[in-house]
Amino acid sequence: QVQLVESGGGLVQAGGSLRLSCAASGLTFNKYSMGWFRQAPGKDREFAAVISWGGGSTLYEDSVKGRFTISRDNAKNTVFLQMNSLKPEDTAVYYCAAANRIFYTAQVARDFGSWGQGTQVTVSA
């Protein structure tokens, strides 16, 4: 059974930084692309970033490009999201997700088969 456990969320002032982590178990981690999604109050869950299974390819949603960096450590079965220059509109629950098939760089929610419980990120003005 796949388990994804996020950590690192919290309260930060605008302009600050946070680093989210997601520890994965129950899957051959280095065969799956991993993504981060976020859901703000009253809004749909939206894609933030994805990293390919080997880490050589990354994609970002336009509003986070240049501010967020996704990375992974396949030896530790962990994916990270470094968030810099945070804005109040980044406030959301952030979810880690694993693609639903191997060797495929997923980008939309339906292509991710396993999800974490989420970690709250709150950015104050």
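Placed above this text is the structure.
Residues numbered from 1 in each chain as written. Predicted model: local features only at pLDDT ≥ 70, side-chain atom pairs only at ≥ 80, totals over all residues. Heavy atoms only, no water.

*Asks:* Any chance you could explain the environment of aspartate 111 here in plain terms?
*Replies:* Position of aspartate 111 relative to the elements: it lies in the loop between strand E9 (92-99) and strand E10 (112-115). Separated by 11 residues in sequence, aspartate 111 and asparagine 100 place their C-alpha atoms 5.7 Å apart. Every residue in contact with aspartate 111, bar those within four places of it in the chain, is listed here: Ala99, Asn100, Arg101, Tyr104 and Ala106. A polar contact of 3.2 Å, which involves the side chain of aspartate 111, links it to the side chain of tyrosine 104. (Helix = DSSP H or I, 4+ residues; strand = E, 2+ residues; numbered from the N terminus. Contact = heavy atoms within 4.5 Å. Polar contact = N/O pair within 3.5 Å; in protein donor to acceptor, adjacent residues only side chain to side chain.)

*Asks:* Whenever I open this one, unusual backbone geometry confuses me. Can you help?
*Replies:* In most cases, non-glycine residues show a negative phi, while peptide bonds are predominantly trans. Look at asparagine 77: it is not a glycine, yet its phi comes out positive at around 50°. Along the chain, the position of asparagine 77 falls in the loop between strand E7 (68-73) and strand E8 (78-83).

*Asks:* Even after reading the chapter, I still don't get the pattern of salt bridges, so can you show me in this structure?
*Replies:* Oppositely charged side chains may form a pair once their charged atoms are brought near each other. Scanning the model with the defined rule gives 5 salt bridges in all. Between aspartate 62 and lysine 65 there is a salt bridge; the shortest N-O distance is 3.1 Å. Looking at aspartate 62, the relative accessible area reads 59%, which means it is exposed. (Salt bridge = Lys/Arg side-chain N within 4 Å of Asp/Glu carboxyl O. Buried < 20%, exposed > 50% of the residue type's maximum accessible area, 1.4 Å probe, protein only.)

*Asks:* What am I meant to see in the environment of tyrosine 60 here?
*Replies:* Mapped onto the secondary structure, tyrosine 60 falls in strand E6 (residues 58-60). Distance in space between the C-alpha atoms of tyrosine 60 and glutamine 39 is 16 Å, their sequence separation being 21 residues. Engagement of the side chain of tyrosine 60 in a polar contact is seen with the backbone nitrogen of isoleucine 70, the distance being 2.9 Å.

*Asks:* Can you help me understand the state of the cysteines in this one?
*Replies:* Linking two cysteines covalently through their sulfur atoms gives a disulfide. Counted according to the given criterion, the structure contains 1 disulfide. Here cysteine 22 engages in a disulfide with cysteine 96; their sulfurs sit 2.1 Å apart. Looking down the S-S bond of the cysteine 22 and cysteine 96 bridge, the torsion is -75°, so its handedness is left-handed. A residue pair is termed long-range when its members are at least 10 positions apart, and cysteine 22 in strand E3 (residues 18-25) and cysteine 96 in strand E9 qualify at 74 residues. With relative accessibility at 0%, the residue cysteine 22 sits in the buried group. (Disulfide = S-S within 2.5 Å.)

*Asks:* What's the story with the sheet that holds E8 in this structure? I'm lost.
*Replies:* The strands making up a sheet associate through hydrogen bonds between their backbones, and the pairing can be parallel or antiparallel. The strand order across the open sheet built from 4 strands is E1-E3-E8-E7, with neighbouring strands paired in antiparallel fashion. Each edge of the open sheet is held by one strand with a lone partner, namely strand E1 (3-7) and E7. When the angles between neighbouring strand axes are averaged without regard to direction, this sheet yields 15°. Pairing geometry for E3 and E8, over 6 bridges, is antiparallel. Within E8, the position partnered with leucine 20 by the bridge is leucine 81. (Pairing = 2+ DSSP bridges. Axes fitted to C-alpha atoms, helices over the stretch in contact; angles between N-to-C directions.)

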